[in-house]
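# Fold and geometry: a report
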Amino acid sequence: MHTQSLNLLGQLTQLKEVRSARVSSWDQDGRNQDYWMIPAGGSVVLGDIEGPGSINHIWMTSFCRRVHGPSVMHPEWGGQIAPVNEIHNALGVTWESADPAWYRKVLIRMTWDDQAHPSVLVPYGDFFCIGHSMPGNFASLPFTVSVKPEEQFKFGGVASVNCYLPMPFNKRAKLEIINENDVPFGLYFHIDYELYKRPFGDDTAYFHAQWRRENPCDGWGPDLQVNTPEVNRVANLDGEGNYVILEAEGKGHYIGCNLSVTHFQGSWWGEGDDMIFIDGEKLPSIVGTGAEDYFNHAWGMQKNAFPFHGSIVHESDVPGYQVSYRFHITDPVHFSESIKVTIEHGHANHLSDDWSSTAYWYQTLPSKPFGILPVEERIQLMPQFPGPGALKKAVLNAEMEESYKLAKERMDGYAQGREEQVQSKVDRVSWHSEGNIRQSQSVRDSFMSE
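Keep in mind that what you see is a predicted model, and the values were worked out from it rather than measured.

## A short note on unusual backbone geometry
With an omega of 5°, the peptide bond running from Gly51 to Pro52 counts as cis. Mapped onto the fold, Pro52 is located in the loop between strand E3 (43-50) and strand E4 (53-63). The omega torsion across Asn215 and Pro216 is -5°, close enough to zero to call that bond cis. Residue placement: Pro216 occurs in the loop between strand E15 (206-214) and helix H4 (229-232). Positioned with a positive phi, Ser133 is a non-glycine residue whose angle comes to about 55°. Topologically, Ser133 is positioned in the loop between helix H3 (124-127) and strand E9 (138-139).

## Thoughts on the pattern of salt bridges
Under the defined criterion, the tally for this structure stands at 22 salt bridges. A salt bridge links Lys197 to Glu17, with the nearest nitrogen and oxygen atoms 3.6 Å apart. Linking Lys197 in the loop between strand E14 (185-196) and E15 with Glu17 in the segment before strand E1 (18-24), this pair joins segments that are 180 residues apart in sequence. Residue Lys408 is joined to Asp412 by a salt bridge in which the shortest nitrogen-to-oxygen separation is 3.0 Å. Of this pair, Lys408 and Asp412 are both found in helix H6 (residues 398-449), four residues apart, which corresponds to roughly one turn of the helix. Note on Lys408: relative accessible area 54%, which makes it exposed.

## Let's talk about the environment of Gly125
Of note, Gly125 is situated in helix H3. Distance in space between the C-alpha atoms of Gly125 and Leu107 is 8.5 Å, their sequence separation being 18 residues. Beyond its immediate chain neighbours, meaning those up to four positions away, Gly125 contacts Tyr103 and Ile130.

What counts, and at which threshold
Residues numbered from 1 in each chain as written. Predicted model: local features only at pLDDT ≥ 70, side-chain atom pairs only at ≥ 80, totals over all residues. Heavy atoms only, no water. Helix = DSSP H or I, 4+ residues; strand = E, 2+ residues; numbered from the N terminus. Salt bridge = Lys/Arg side-chain N within 4 Å of Asp/Glu carboxyl O. Buried < 20%, exposed > 50% of the residue type's maximum accessible area, 1.4 Å probe, protein only. Contact = heavy atoms within 4.5 Å.

Below, the structure written as structure tokens:
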């Protein structure tokens, strides 16, 4: 019998009874409005796919702008082209800005098979490793982010994101977007998946992702310098007070996380050990030697991004901010009953920084339900520029008063026209969503009848 040597790309030489398919935001009128406008406070089903199958790639890019003044371009004209003005804010032509926290205000929700609750519930940005709503270029094996130089490290900056983690399902895969913002946002997306004729076995592990935040972490000595004798003498063996990345019940394996830290002391946010408790352990059987070591760096965090670990936002790029990732792709942490993944926030938990994380893992269903913080508690901390203070009251002449009047009239007309354009795009989303569902069903029916 011929056996092929182990090779990452070896499966490309094997034929399989598989049907490839996609749901996307393509313009089902056949024109070029290839994005969905998700309304403020609204939710939409991106795909509702009958199995057995597996999602194998997700690509997205989005924009969310707040309008401060009218554009000199008619709203209807802007509504009929690709949203280039959403990226380049030409002075005097448009006056808009990116919502700086929209990546945290929008949620991705994924539900597998017949579960009544989702297995994935994560802010859009953090799911794709955009911490602090601040995108940075990086390429790992399961996730990538691509961002233009002028948008990098900018709150709410536009970016292209990819996820390559497999997401199997036997009966059904439902993927949704929930917009908890007070303004709409535009979403381009591809969800590529495969269909199979035979169901997965009972040993199939389903993809899960969960977001958590502590702001601030409950530190006992944030006014004590990091890595000093006074701090290092304190013992922590049982992980009491550690930051919890993941706590799950069932049978499966943890495959990693991204971690976003806002550090307040002006020193160094690390020195805390990772501690992983498996199947109800009172003391952790997996213990690390420092936060930077868990992320496979040393002597602090380096400014690099590798397939399984690295920095996305380094504190040298944006002082006080760090986004790091560690993926256990070749070394997953297995559990049979439960798992608790934790890390100290500073040695023995002495620091009180702002920590948030997304954990990724696979496990059998049913899984334990989990929720997410309300939107106002998800928004990242952002530096504030001081205002100019009290302004001297100016006396307006007739021309100045007329300018204010004209500006208001133009803004009122522009706002009405823009709202009509936004609403026309919002109105299309529901039937585009239904079109994706019908297309998925048609592809499956055709494949299963072959």
